[in-house]
Amino acid sequence: MYYINACSTISHQGSFQNESWINELKIVTNNSKLITPNYKEFVDAADLRRMSKIIRMGIACSKDCIQQAEIDNPDAIIVGTGLGCLTDTEKFLHNTLTIEGLIPPTAFIQSTHNTIAGQISLALKNHQYNMTHTQNSLSFEHALMDGMLCLDEEKDTVLVGSADENIALMDELSKSFNWSEIENKLTSGASFFIVSNAKNNLTKVQLIDCFTVGLNDTNPKALITSFLAKNNLSLNDIDLVLFNSNGTLKLDIIQKEFNPISVLSYEHFCGYYFTNVAFGMHLATEILNKKKTSFITNNKPVHRILLYNNFNNKNIGLTLLQALEA
Amino acid sequence: MKHVFVTGIGVISAIGNNCEENLSHLQKGKTGIGKAIHLDSNYAKLFPFGEVKLSTSALKSNLNIAQKGLTRTDLLAFTAVQEAIQKANLTAQEISSENTAFISASTIGGMCLTDQLYQDANSISKSKEYVKSYSVSAHALKIAENYQLKGTIDVINTACSSSLNAIMMGTRLIKSGRATRAIVGGTDALGKFTINGFNALQILSKNPCKPFDKYRDGLTLGEGAAYLILESEEVVGKKNLYAEILGYGNSNDAFHPSSLSEEAFGVVAAMNKALKRATLSPQKINYINTHGTATENNDTTELTGIKKIFGNYPAFNSTKSYTGHTLAASGAIETVFSIFSLQQQELYPSLNFETPISPFNQLPILKYQQHQNINYVMTNSFGFAGNCSSLIIGKPL
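Quick caveat, the model's predicted, so the values are computed rather than measured.

A. Broad picture of the domain arrangement of chain B. All names here are of chain B. For chain B, the assigned domains read domain 1 (4-232) and domain 2 (247-394). Placing a centre on the C-alpha atoms of domain 1 and another on those of domain 2 gives a separation of 21 Å. Between domain 1 and domain 2, the residue contacts involve 64 residues of the former and 59 residues of the latter. In total, domain 1 and domain 2 occlude about 4,700 Å² of area from one another, counting both sides; carbon and sulfur atoms represent 70% of this. Our count for the contact surface shared by domain 1 and domain 2 stands at 3 salt bridges. There are 25 residue pairs in polar contact (both at pLDDT 80 or more) connecting domain 1 and domain 2. Elements with a minimum of two residues in the side of domain 1 that touches domain 2: strand S1 (4-12), helix H1 (19-28), helix H9 (162-175), strand S4 (181-188), helix H10 (192-200) and strand S5 (224-232). Here the side of domain 1 that touches domain 2 gets 9 residues from one element, more than from any other, and that element is H9. Here the side of domain 1 that touches domain 2 is composed, by residue class, of 29 nonpolar, 25 polar and 10 charged.

B. Summary view of the pattern of salt bridges. Residue and element names in this part refer to chain B. Tallied over the full model, the rule gives 21 salt bridges over all chains. One salt bridge connects Asp74 with Lys142, and the closest N-O pair in it is separated by 2.5 Å. Of this pair, Asp74 sits in helix H4 (residues 72-88) while Lys142 sits in helix H8 (residues 138-147), and the two are 68 residues apart along the sequence. Exposure remark for Asp74: the relative accessible area of 2% places this residue in the buried category. The shortest N-O distance in the salt bridge between Arg181 and Glu94 comes to 3.3 Å. Here Glu94 lies in helix H5 (residues 92-95) and Arg181 lies in strand S4, a separation of 87 residues in the sequence. Salt bridges sharing partners connect three or more residues here, namely Glu94, Arg181, Glu231 and Lys239.

C. Just the nonpolar core, in detail. Membership of the largest hydrophobic core comes to 94 residues, with the highest contact counts inside it found for Leu283(A) and Leu228(B). When residues no more than four places from it in sequence are discounted, the contact partners of Leu228(B) are Val6(B), Gly8(B), Ile9(B), Ile167(B), Ala182(B), Ile183(B), Val184(B), Ala332(B), Thr335(B), Val336(B) and Ile339(B). Within the second largest apolar cluster, 33 residues are counted, among which are Leu54(B), Ala88(B), Ile95(B) and Phe102(B).

D. Here's a closer look at the interface of chain A and chain B. On the side of chain B, 60 residues touch chain A, which itself brings 57 residues to the contact. Taking both partners together, chain A and chain B bury about 5,100 Å²; carbon and sulfur atoms supply 62% of that area. Considering only the surface of chain A that becomes buried against chain B, Phe108(A), His127(A) and Leu215(A) emerge as the three largest contributors, covering 13% of it. Linking chain A with chain B are 6 salt bridges. The tally of links between chain A and chain B comes to 22 residue pairs in polar contact (both at pLDDT 80 or more). For the side of chain A that touches chain B, the element with the highest residue contribution is helix H3 (residues 86-98) of chain A, accounting for 8 residues.

E. Spotlight on the pairing of strand S4 (residues 157-164) of chain A. Residue and element names in this part refer to chain A. Of all the 8 residues making up S4, 8 are buried; the element is thus mostly covered by neighbouring parts of the structure. Neither face of S4 is left uncovered, since the one carrying Thr157, Leu159, Gly161 and Ala163 and the one carrying Val158, Val160, Ser162 and Asp164 both have all their residues buried. Note that strand S2 (residues 76-80) and S4 share 4 bridges and pair parallel. Its bridge partner lying in S4, Val79 is registered against Gly161. Where S4 lies against strand S5 (residues 189-196), 8 bridges are found, and the strand directions are antiparallel. Paired with Leu159 across the two strands is Ile194, which belongs to S5.

F. Structural view of the state of the cysteines. On inspection of all chains with the given rule, the structure shows 0 disulfides over all chains. Cys85(A) forms no disulfide, and the closest cysteine sulfur to it belongs to Cys61(A), at a distance of 15 Å.

G. Seen up close, the pairing of strand S3 (residues 129-133) of chain A. Residue and element names in this part refer to chain A. For S3, the buried fraction is high: 5 of the 5 residues fall into the buried class. Judged by which residues are buried, S3 turns out to be covered on both faces: Tyr129, Met131 and His133 on one side and Asn130 and Thr132 on the other are all buried. Inspection of the sheet shows S2 paired to S3 by 5 bridges, in the parallel sense. Paired with Val79 across the bridge in S3 is Thr132.

H. Region of interest: the domain arrangement of chain A. All names here are of chain A. Partitioning chain A into domains gives domain 1 (2-196) and domain 2 (208-322). Computed from C-alpha coordinates alone, the two centres of domain 1 and domain 2 are separated by 22 Å. With 47 residues of domain 1 at the contact, the number on the domain 2 side is 40 residues. Between domain 1 and domain 2, the buried area comes to about 3,700 Å², and carbon and sulfur atoms account for 65% of it.

I. Structural detail: the side chain of Ser162(B). Mapped onto the fold, Ser162(B) is located in helix H9. Given a relative accessible area of 0%, Ser162(B) falls into the buried group.

J. Seen up close, the side chain of Thr96(A). Along the chain, Thr96(A) falls in helix H3. Judged by relative accessible area, which is 18%, Thr96(A) ranks as buried. There is a polar contact of 2.7 Å between the side chain of Thr96(A) and the backbone oxygen of Leu93(A). If we skip the residues at most four places from it in the chain, Thr96(A) touches Ile103(A) and Asn196(B).

K. Structural view of H9(B). Residue and element names in this part refer to chain B. In this model H9 runs 20 Å from its N-terminal to its C-terminal C-alpha over 14 residues, within 8% of the 20 Å that 1.5 Å per residue would give. A large share of H9 lies buried, amounting to 14 of its 14 residues. Downstream of H9 by one or two residues, Gly177 has phi in the positive range, about 90°.

L. Broad picture of the packing of aromatic side chains. In this structure the tally under the stated criterion is 20 aromatic pairs over all chains. Linked through ring pairs, Phe92(A), Phe108(A), Phe193(B), Phe198(B) and Phe384(B) together constitute an aromatic cluster. A cation sits over an aromatic face here: Lys221(A) above Phe258(A), 5.9 Å from the ring centre. The side chain of Lys230(A) reaches across the aromatic face of Phe211(A), ending 4.3 Å from its centre.

Here is what the cut-offs are and how they apply
- Numbers given for residues are sequential positions, taken from 1 along each chain in its written order.
- Key to labels: chains lettered from A, ligands numbered from 1, both in the order written.
- Where totals are concerned, whole chains, interfaces and linings use all residues; where local detail is concerned, this predicted model gives features only for residues with pLDDT of at least 70, and gives and counts side-chain atom pairs only at 80 or more.
- Side-chain numbers here rest on the full set of heavy atoms in the structure, without hydrogens or water.
- Where each domain begins and ends is defined by an automated method or by a domain database.
- Pairs of residues are marked as contacts when any of their non-hydrogen atoms sit within 4.5 Å.
- Simply put, the buried area is the total loss of 1.4 Å probe accessible area from both parts when two parts are fitted together.
- Definition used for salt bridges: Asp or Glu carboxyl oxygen within 4 Å of a side-chain nitrogen of Lys or Arg.
- Counted as a polar contact is a pair of N or O atoms within 3.5 Å, where, for protein atoms, one must be capable of donating a hydrogen and the other of accepting one, and residues adjacent in sequence contribute only when both atoms are in side chains.
- Numbered from the N terminus, helices here are DSSP runs of H or I no shorter than four residues, and strands are runs of E no shorter than two.
- Each residue gets one label: Ala, Val, Leu, Ile, Met, Phe, Trp, Tyr, Cys and Pro are nonpolar, Asp, Glu, Lys and Arg are charged, and the others, such as Gly, are polar.
- In this scheme, a residue with accessible area under 20% of its type's maximum is buried, one over 50% is exposed, and one in between is partly exposed, where area comes from a 1.4 Å probe on protein chains only.
- For our purposes a nonpolar core is just a set of buried Ala, Val, Leu, Ile, Met, Phe, Trp, Tyr and Cys residues, chained together by side-chain atoms within 4.5 Å.
- Two strands qualify as a pair provided DSSP detects at least 2 bridges between them.
- The disulfide definition used here is simple: a pair of cysteine sulfur atoms within 2.5 Å.
- By this rule, a helix spans an expected 1.5 Å times one less than how many residues it contains.
- Within 6.5 Å between ring centres, the rings of Phe, Tyr and Trp (the latter by its six-membered ring) count as paired, and their orientation is classed by plane angle as stacked under 30 degrees, edge-to-face over 60, tilted in between.
- Geometrically, a charge over a ring is one whose NZ (Lys) or CZ (Arg) sits within 6 Å of the ring centre while staying within 35 degrees of the ring normal.

What follows is the structure in structure tokens.
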């Protein structure tokens, strides 16, 4: 059994250290801004100067999670990131093309994807298992699955999260990717969680399972049915499907597909970044934990939420959460 | 817990394009480090490199693949994956089973084409295939498409320890029952971005690297790829078993963004965890394939860590003196070399060593030694951001 004991998210919603953020959800528009905390409360000012947005977000969310979960230090730090540290990568690349002679190495050191998890371990003085997964839209699910493996092995409490940052260049680049189907604003975000194998009085929800298919060529609905069956459940047991609204995944299609189950796009509330499913997991946790039923047709109680992360019908991530009393 | 065996291996590096060529170089003590010919950079004149001895177009024509826009990183990966699959005799059905996971590793990805990437990005002109390759997982998705992989496809980037962690992840997926087979390893090609980076850090040696030598003055960058086929005991049948994965440990040094602590916290913790999981006492380890980058910081720290755990040093070498530091590929390449030692029951000399580092006064393996009794081998990989990993393999019983 896996339990989510703490969540922390930096997004467009003012979600950071704000208990009531799901009551004030706003659709992300081209003009809306990422709402960031005062990072000085989490990082020493001298260190902060060197840190790009993605590292700042990762450290702030991690420290917030640890505080919420009332633990000293997690038994593992696992991060998923789709494109890693773009600011430092671009900075170093730019420097190599423009600076004659010796180039400062900091941006290079901070350009690798594992900088986020590494800087978190440094900030927490944590010598435990430390891992970074990067596989496009499934990076967060793989971090989460790794966390579940850790809990199946010998660990009790793991910090699992994701972070991605957008740089101006990406808006240009995305036009040349097959990303034309992305309808939501390209942006940044980070969400971290404390996942444990033990329930305590801080536990918010139960994480039942997480599963990915890297190169799907079958009907996603069949995958979902078999994923639920593996967990002795069927679609009738799901009260809400939280999905990312990309390309062919239009609301009306998904609605028809899952009818009569309620569906909701998490991506409208966080914008697009490769690991935004972690935002979806935080949203799902809040809905289940606060018994928020306004998203559900007929205001039925909500016990189970399926997170359905589908990119181009090829990369599919499925995550299943359950309310504690269910 | 299920036993996990290695049933296939594939490698391409500066000392050969397949297992046989790599083994032969190790046996002869012949390095692959020298002047880079295929690298299109002024750096080719300034530093030696462990370059794969095939041009990008030769790599492509050796493989029978229709896919477009393949980078050197991709082609190295394809080459090693193909060899590993052949050696393991995996059927197309086994490869495409949803129970076959693919866990890869890369730090550079399509960044081996940084110039094209950045100029493309700024002008949004041609070669868009290469722009798409920026992501470090691009190579894995291309391999997945080619082999019609249906299971978990994951990519790890923990800098220089990436592919050792990929082996660890695949092993854990099998042990937990989430997969029955896994194709695991890593790939990195030489690229200006990383050369510029290590040059900025001032840790590139002007001469072929001298691991564990008192007068070492930095690393030599290399390129390559290696992949292993891991299979659960339930499905290996009567296959040839190359090794068993016995232990693995991962720890963060949590000391500095790009160097290891003098006390070797992370190094010691990773090796200790690997021994604990393998339920082996340090004395059982017959040989360590070290991380041995030949930087001032790494070699001293690694010797400190080994001393803390082992007291007396087991036989050790750094095969980076043959291949250069192949970054994300290094852990998998060095695991394949460790498998050679297990299989052949022999040890290969560490090259370019003259003077031991005080106060350790330890000599790496200096001669090709046959007819050894080797049952357990440890492989170490450490990376930027404090990522330390250690793997223990053993002769399959």
